[in-house]
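Coordinate inspection notes
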Amino acid sequence: MDRINRPKLHYYNLGVAKIEEIRASKMRPRLLLHSCCAPCNSYVMVMLSEVFDVTLLYNNSNIYPKSEYTIRFDELKAYTEHVNEKYNCNIKIVEVNYDTISYHKKLAQVNDDKEGGLRCQTCYEIRMDEAYGYALENDFDYFTTVMSISVHKNSIILNEIGEHLNQKYQSNLYLFSDFKKKDGLLKSKQFSDDFKMYRQQYCGCAYSYSAYLKRGNNEKSNVQKTNITN
Ligand code: SF4
């Protein structure tokens, strides 16, 4: 993907303006929110459900092994149920086919790249493209990814991918965001702590899992709750 290089707050400002425009319209458009895990979703899904009819899309074939994929998905489902009850929302969850073999084949050319580099950019592109296609096929009004809440993910790159996807699909579905701003990250931590949420030890793919094991951890600690998140 060619970089676009917009001014630093360009995408953040676009996202805030769009949300305020929708809030003022009193419409309630359908938003598909690509959701990688419960901690990243914790505050974002509550905030977005004030203005959107939210559906979470759990399309994360990057997560390896399957047992970890299932732990994260179960936590997301439990938290969504909690949010729906507590805030009287009706947030839905959709899971697409878990195909970690195809996902890792697509990453084969860039698997040596360090975390945060081209490998991760390719990973975002794969999952966001898949989610964008799902949003189009299922008549959503907007699509975005929760990943911009993470300090480990470059929100400018995520938004550039979103802008490229708008061009690719000749649509304006992508909602620009930088959810970590305006205390988003702090609120996310508070919501996660209140729920005593499961927090993963590594980002997701087999390469990050391998790096995690090399750091001296073992699979047993994979089910412990700690303060590390992705
Ligand atoms: S480290 Fe995370 S973002 Fe990067 S390729 Fe692996 S799963 Fe994707």
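Everything numeric in this text was worked out from a predicted model, so none of it was measured.

Basis of the calculations
- Residues numbered from 1 in each chain as written.
- Predicted model: local features only at pLDDT ≥ 70, side-chain atom pairs only at ≥ 80, totals over all residues.
- Pairing = 2+ DSSP bridges.
- Helix = DSSP H or I, 4+ residues; strand = E, 2+ residues; numbered from the N terminus.
- Right-handed = clockwise from strand over helix to strand, strands pointing away.
- Buried ≥ 20, exposed ≤ 12 C-beta atoms within 10 Å, placed from the backbone.
- Arc of directions from axis to C-beta.
- Contact = placed C-beta atoms within 7 Å.
- Axes fitted to C-alpha atoms, helices over the stretch in contact; angles between N-to-C directions.

What follows deals with the pairing of strand β3 (residues 92-95). Alignment of strand β2 (residues 53-58) against β3, held across 4 bridges, turns out to be parallel. Within the sheet, the bridge partner assigned to T55 lies in β3 and is K92. Between the parallel pair β2 and β3, the chain is carried across by helix α3 (residues 66-86), and the sense of this crossover is right-handed.

For helix α7 (residues 184-194), every residue scored as buried is listed here: S188, F191 and S192. Projection of α7 onto a plane perpendicular to its axis shows the buried side chains occupying an angular sector of 100°, all on one side. The outward face of α7, more than 90 degrees from its buried face, is lined by the exposed residues L186 and D194. Buried-residue contacts for α7 involve α2 (38-48). One or two positions beyond α7, positive phi appears at K196, with a value near 50°.

Strand order in the open sheet formed by 4 strands is β3-β2-β1-β4, and the pairing between neighbours is parallel. At either end of the open sheet lies a strand with only one pairing partner, and these are β3 and β4 (142-145). For this sheet the average axis-to-axis angle between neighbouring strands, irrespective of direction, equals 25°. Here 5 bridges tie strand β1 (residues 30-34) to β2, and the two strands are oriented parallel to one another. Paired with L32 across the two strands is T55, which belongs to β2. Against the sheet, α2 touches β1 and β2, its axis set at about 150° to β2.

Everything listed here is a matter of coordinates, which is why it stays silent on function.
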